[in-house]
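The chain contents come next:
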Amino acid sequence: MVKTRLFYATDVHGSEVCFRKFLNAGRFYGVKTLILGGDVTGKMIVPVVKKEGGVYEAKYYGTVHKAKSEDELNKLKRLIRDGGFYPFVTTEDEMKELASKNVNVDEIFKGLVLDVLREWVKLAEERLKPEGIKLYMTGGNDDIAEISEILRSSDYVIDPEGKVVDLDGEHEMISTGYSNITPWKCPRDIGDDELWKIIEKMIKEVKNMKTAIFNFHVPPYDVPPLDYAPELDETLKPVMEGGSGLKMIPVGSKAVRKAIDEYQPLLGLHGHIHEGKGAIKVGRTLCINPGSEYGEGILRGVLVTIDKDQVKEYLFTSG
């Protein structure tokens, strides 16, 4: 008999405080298996500009923050990183050069993203290796392809993308961070047909579907509330319904829904839709989305205990 307790979270989107909470979750909850389900990296740079007199300024969430010493500068950078953004320390002259479009801002952004991820992987190795806690960490649809190279360069962190991994001798897990097409055309957005091919290839290698876990970033299509999000108009603004609220529609993947309908694994772990927190049975498969509040520095997650071909219990967490 194999009984495993795991902690799953997703969509930290570059938030330093959320990632550190995630690493601490293993010891805090007494689990030996951590799974981070994608959308690991942040979305934007926040310039921290050095002014005359040596004072640094950054406009963050509409407020101008100033740092007058090295200690204050480090606190400001940490504030920005906790919110999921990347502080970019620069000068007024460099800002003028950036504005002139002679500088490839995308390359600067990519460099910051990868530097922070390298720090995170090193931190994970230092924290988790002595505890014997396994960490499975894959990209999500928002994450650039280059992050996989960093994850796979670690001798401890496991990138399970596109693979069958054996969690405990009885429970196999297949994973993908790819998503059906979104309005934002993210790096790992692909069509449902292409996504199905990725999933089908992994499914063929699963030995026992009754004890299998599908760790798919995008939730299955039309499983409220897991994949329900505001409908957007052609300008990407939310559509109102009845004059009182947002019109919510299913935006999950039909390929993921097909995989779960046809193969009925033990457990589905999903994210992608931050407001889609919930646990819903699709046939015999328990599908879970813990949601995300990374912007508030809150780590949402779920503790799941699996025993042979049963999900014994699950508990949503927030901290």
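Structure shown above.
In this numbering scheme, every chain counts its residues from 1 along its sequence in written order. For a predicted model such as this one, the threshold for reporting local features is a pLDDT of at least 70, and the threshold for listing and counting side-chain atom pairs is 80 or more; totals across whole chains, interfaces and linings nevertheless cover every residue. Side-chain numbers here rest on the full set of heavy atoms in the structure, without hydrogens or water.

K.L.:
Even after reading the chapter, I still don't get the overall build of the chain, so can you show me in this structure?
P.N.:
Going along the chain from the N terminus, every DSSP run of H or I of four or more residues is numbered as a helix, and every run of E of two or more is numbered as a strand. Along the backbone of the chain there are 7 helices and 19 strands. As a reference, a globule follows 2.2 Å times the number of residues to the power 0.38, and the radius of gyration itself is taken over C-alpha atoms. Taking 319 residues into account, the globule formula puts the C-alpha radius of gyration at 20 Å, and the chain, at 21 Å, falls close to it. With respect to the principal axes defined by its C-alpha atoms, the chain has extents near 65 × 55 × 35 Å. Exposed residues in this analysis have more than 50% of their type's maximum accessible area, buried residues have under 20%, and partly exposed residues fall in between, with area computed by a 1.4 Å probe over protein chains only. Buried residues in the chain amount to 50% of all 319 residues. The long-range fraction of contacts in the chain, counting pairs at least 24 apart against all pairs at least 6 apart in sequence, stands at 66%. With an accessible surface of roughly 15,300 Å², the chain has 50% of that area assigned to carbon and sulfur atoms. By the counting scheme adopted, Arg and Lys are positive, Glu and Asp are negative, and His together with the chain ends is not counted. Just so you know, the charge point we use is NZ for Lys, CZ for Arg, CG for Asp and CD for Glu. Computing the positive centroid from 44 side-chain charges and the negative centroid from 51, the chain places the two 4 Å apart. Between two residues, a contact is recorded if the distance between any of their heavy atoms is within 4.5 Å. For the area figures, the Shrake-Rupley method with a 1.4 Å probe applies, and any residue is considered shielded solely by the protein chains shown.

K.L.:
How should I be thinking about the layout of surface pockets in this particular structure?
P.N.:
The gaps of empty space that remain are located by a probe, the size of a water molecule, rolled over the atoms. Looking at the largest pocket, its volume works out to about 1,000 Å³. Taken together, 43 residues line the largest pocket, and the ones lying closest to its centre are K43, D142, T182, W184 and C186. Only helix 4 (105-128), strand 11 (228-230) and strand 14 (248-250) provide two or more residues apiece to the lining of the largest pocket. Here the lining of the largest pocket gets 6 residues from one element, more than from any other, and that element is helix 4. The way it works is a 1 Å grid over only the protein atoms, where trapped points that fit a 1.4 Å probe form a cavity and open points with protein on both sides within 12 Å along at least five of seven lines form a pocket, and then any residue with an atom within 4 Å of a point lines it. Grid points are joined across faces, edges and corners, and a volume is the space filled by probe spheres set on the points.

K.L.:
What exactly am I supposed to notice about the packing of helix 1 (residues 16-29) against helix 4 here?
P.N.:
The relative placement of two packed helices comes down to the angle between their axes together with the axis-to-axis distance. Angles run from 0 to 180 degrees between N-to-C directions of axes, and those axes are lines fitted to C-alpha atoms, restricted for helices to the stretch in contact. Relative to each other, helix 1 and helix 4 sit at 25 degrees, their axes nearing to 10 Å. Compared by their axis directions, helix 1 and helix 4 come out roughly parallel. In this structure, helix 1 meets helix 4 at a crossing whose hand is right-handed. Side by side, helix 1 and helix 4 meet where E16, F19, R20, L23 and N24 of the first sit next to W120, L123, A124, R127 and L128 of the second. Throughout this description, any angle smaller than 35 degrees is read as roughly parallel, any larger than 145 degrees as roughly antiparallel, any in the 65 to 115 degree range as roughly perpendicular, and the remainder as oblique. By convention the crossing between two helices is left-handed if the near helix lies anticlockwise of the far one by an angle smaller than a right angle, and right-handed if it lies clockwise.

K.L.:
Even after reading the chapter, I still don't get the sheet that holds strand 1 (residues 3-9), so can you show me in this structure?
P.N.:
In a beta sheet, neighbouring strands pair by backbone hydrogen bonds and run either parallel or antiparallel. The pairing criterion for strands is at least two bridges between them, as found by DSSP. With mixed pairing, the 5 strands of this open sheet are ordered in space as 7-2-1-18-19. What marks the edges here is a single partner per strand, and that holds for strand 7 (134-137) and strand 19 (310-318). Mean inter-strand twist for the sheet, computed between neighbouring axes without regard to direction, equals 20 degrees. The pairing of strand 18 (residues 300-307) with strand 19 spans 8 bridges and is antiparallel. Opposite L303, over in strand 19, you have L315 as the bridge partner. Packing against the sheet, helix 1 makes contact with strand 1, strand 2 (33-36), strand 7, strand 18 and strand 19, and its axis sits at approximately 155 degrees to strand 2.

K.L.:
Quick question: what am I supposed to make of the environment of P224 here?
P.N.:
Following the sequence through the fold, P224 ends up in the loop between strand 10 (213-216) and strand 11. For P224, a relative accessible area of 44% gives the class partly exposed. Along the primary structure P224 and A279 are separated by 55 residues, whereas in three dimensions their C-alpha atoms are 9.5 Å apart.

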